[in-house]
Amino acid sequence: MHTNLVFIPVSTHSLVHVVLTTNDRRTGNIWMLLSTFVPRGLFVALFRYVLYIGMRGCYRSALDYCKILLSLDVEDDPLAVLLMVDHYALLSGQYEWLISLYEWLNPSRNLYLLPNFALSVALSAKFLRDSRIQPSGIRDADLLIQDALILFPGFVTRLLKHASIGNVTNLDRSILFGGEVQREPESLGRLLDLYVARTRHLWTSPDVQTWLESNVETVLILVEPEKCPELSTQPHRPTDSRLMEYAKRYTSESPHICGGQIAKPVFWW
């Protein structure tokens, strides 16, 4: 028996998310409307299929099935598709779509507090900038990666296990990339481990490494200039306003909270 699944967006009714059609030689075409209640088995089957075709290198197809899973329940996201959709978007070159998804969901879901989105959106913006494409409404790639490095310094220490960051030799003396990483929550550490395991080959390419090195230096000067006078020509520059803003947001909104001193004054993460 041959069975096909076809998902078609429907907007005629507020409760209808998709239409599922099945072709069966005994019963012909069967149409089933899926409302806000979606069978658990359908979620699990689609999720496993995403992983299967992703391992076979079908990244664009895996991304399309991630879109289907999100369309079924984008609010609750029971299988945490948001933790892997950026991976398939990067591998399939769908940079503009990923940025659009981020801009759509970030106000309600605080996606900037997920390390995979903070880092992947910055990388997407860099790839688009290299292609002479600047999406409307998105900040510069350098500012985005600096934001991500300030919020998730553990990304750099994990990436160093797979590649070296040239011209930066004082990370072990850094408060941000040293002490703060040791105090990061276990849940955040697992998210970073997962992200680096999936995307390290994208971040270790020569062009991306050069860009990352430059922004790591910028962040060190920005956050703790007194710790790296060899990099900074203005060791007494005022604290960047982003640091206080991120510290406040991270404390009030993030599920991964840990405490530590980033620079003067004290910041709580």
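Our subject is the structure that appears above.
Residues numbered from 1 in each chain as written. Predicted model: local features only at pLDDT ≥ 70, side-chain atom pairs only at ≥ 80, totals over all residues. Heavy atoms only, no water.

Points about the overall build of the chain
Looking only at helices and strands, one finds eleven helices and five strands in the chain. Taken over 269 residues, the chain has a buried fraction of 48%. The contacts of the chain with a sequence gap of at least 6 include a subset with a gap of at least 24, amounting to 60%. Carbon together with sulfur atoms contributes 54% to the accessible area of the chain, which is approximately 14000 Å² in total. (Helix = DSSP H or I, 4+ residues; strand = E, 2+ residues; numbered from the N terminus. Buried < 20%, exposed > 50% of the residue type's maximum accessible area, 1.4 Å probe, protein only. Contact = heavy atoms within 4.5 Å. Areas by Shrake-Rupley, 256 points an atom, 1.4 Å probe, with all protein chains shown as cover.)

Side note on the packing of aromatic side chains
Tallying each qualifying case throughout the model produces seven aromatic pairs. With a centroid separation of 5.1 Å and an interplanar angle of 45 degrees, the aromatic rings of Y95 and F127 are classed as tilted. Here Y95 is found in helix α4 (residues 95–109), whereas its partner F127 is found in helix α5 (residues 115–130), with 32 residues between them in sequence. F127 sits in the buried class, given a relative accessible area of 17%. (Phe/Tyr/Trp six-rings, centres within 6.5 Å; stacked < 30°, edge-to-face > 60°.)

Some thoughts on the side chain of T199
Examined against the element boundaries, T199 turns out to sit in helix α9 (residues 186–203). Of note is the side chain of T199, whose polar atom sits 2.8 Å from the backbone oxygen of Y195. (Polar contact = N/O pair within 3.5 Å; in protein donor to acceptor, adjacent residues only side chain to side chain.)

Overview of unusual backbone geometry
A positive phi angle, close to 55 degrees, is found at A80, a residue other than glycine. By the element assignment, A80 lies in the loop between α2 (59–72) and α3 (85–91).

The values reported here are purely geometric and, on their own, carry no functional implication.
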